[in-house]
Amino acid sequence: MTHPLTVAVLGPGGTGGLLAALLSRSGHRVICLAGQATADTLRRTGITVRSRQFGDFTAAVDAGTELREPVDACLVTVKHTALDAALTRVPPAALGDALLVPLLNGVEHPAALRARYRPELVAPAVIRVESTRVSPGVIEHGSPFTEVDLAGDAVPRARLDELAGHLSASGATTRVAGDETAALWAKMAFLAPFALLTTRYGVPLGTARTRHREELEALVAETAAVSRASGAPADPAQALARYDAFPSATRSSMQRDAEAGRPLELDAIGGALLRAAERHAVPVPVTERLVRELRAAGH
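Residues numbered from 1 in each chain as written. Predicted model: local features only at pLDDT ≥ 70, side-chain atom pairs only at ≥ 80, totals over all residues. Heavy atoms only, no water.

(A) Up close: the sheet that holds strand E8 (residues 125-128). Read from one edge to the other, the open sheet built from 3 strands follows the order E8-E11-E12, with strand pairing classed as mixed. The sheet is open, and its two edges are formed by E8 and strand E12 (173-176), each paired on a single side. Geometrically, the sheet is characterised by an average inter-axis angle of 15° between neighbouring strands, direction not taken into account. In this structure, E8 lies alongside strand E11 (residues 147-150), joined through 4 bridges in antiparallel fashion. The partner of Ala125 across the bridge, within E11, is Leu150. Its contacts with the sheet put helix H6 (residues 157-170) on E11 and E12, and the angle it makes with E12 is roughly 170°. (Pairing = 2+ DSSP bridges. Helix = DSSP H or I, 4+ residues; strand = E, 2+ residues; numbered from the N terminus. Axes fitted to C-alpha atoms, helices over the stretch in contact; angles between N-to-C directions. Contact = heavy atoms within 4.5 Å.)

See below:
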């Protein structure tokens, strides 16, 4: 591998905190960007990870409230609901020629980020992981995997390959996806039915896939149709097989947010799906109903 990187992590929560700790443990310099109290805690205590996959460890990180020095990459790992406010911590001039790597749910954020930063340096990624921040600087990583698909149709391939190599070496199995649209919709097609159904009924995946099987199958079919219309392949049977293989107690992050009284990424997931369906004239009646009912419940 080449020289160690300097990586900023905007939002050191469940996902960002895990990646920050893994990169730091592998010898890279990591700067976490967060509010003042969290930044002070991280500088003092580092990030402690409790993980089935990686064991328990603590990694030192730097931290601040705003990016003030050159970095090789900036990972954006906040919730969609906090994105606009968080981006004020990363002024475009400070980002310079660093890669901006959003690991966000949904499919609409790359265009918004390219309007704000240099478009050829925005490298959208998707991550498959179950990881939760239990307090500032303390991360519980529950899944036995951490997998990243890194994309960016306009980003120089050599830069994607270099970052993917470093992430893989740190423990996050990373591949460079050839098609950004396909990578984003692959995540969306799995996440949307799971998030909408578990949150609407307040049940874990095992209950949702049995008690609400017809709705799950309808949601999967609708999401796959929108994905295909958007130019990305989709396999409903494969999606259902993945849901059936997951542990029955699995809950979606949207469901956890609802239970904790936090804002939901309903617009970034359900809203974006409905907008794409409308653009391509794809009927999605079950998705529409669940989004409507979640909004009516105050979400």
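(B) Region of interest: the pattern of salt bridges. Counted by the stated rule, this structure contains 22 salt bridges. A salt bridge links Glu293 to Arg289, with the nearest nitrogen and oxygen atoms 3.3 Å apart. With Glu293 and Arg289 both in helix H13 (residues 285-296) and 4 residues apart, this pair spans about one turn of that helix. The exposure class of Glu293 is partly exposed, given its relative accessible area of 26%. Connected through shared salt-bridge partners, Glu108, Asp267, Arg275 and Arg295 make up one network. (Salt bridge = Lys/Arg side-chain N within 4 Å of Asp/Glu carboxyl O. Buried < 20%, exposed > 50% of the residue type's maximum accessible area, 1.4 Å probe, protein only.)

(C) Just the pairing of strand E9 (residues 131-135), in detail. Across 4 bridges, the pairing between E9 and strand E10 (residues 138-141) is antiparallel. Bridging across to E10, Thr132 finds its partner in Glu140. A loop of 2 residues connects E9 with E10, the two strands running antiparallel in sequence, and Gly137 in this loop sits at a positive phi of about 85°.

(D) Broad picture of the sheet that holds E10. One open sheet holds the 4 strands; their spatial order is E4-E3-E10-E9, and the pairing between them is mixed. Looking at which strands have only one partner, the edges of the open sheet turn out to be strand E4 (55-59) and E9. Within the sheet, the average angular offset between the axes of one strand and its neighbour, ignoring direction, is 20°. Contacts from helix H1 (residues 14-25) reach strand E3 (47-51), E4, E9 and E10 within the one sheet, and its direction differs from that of E4 by about 80°.

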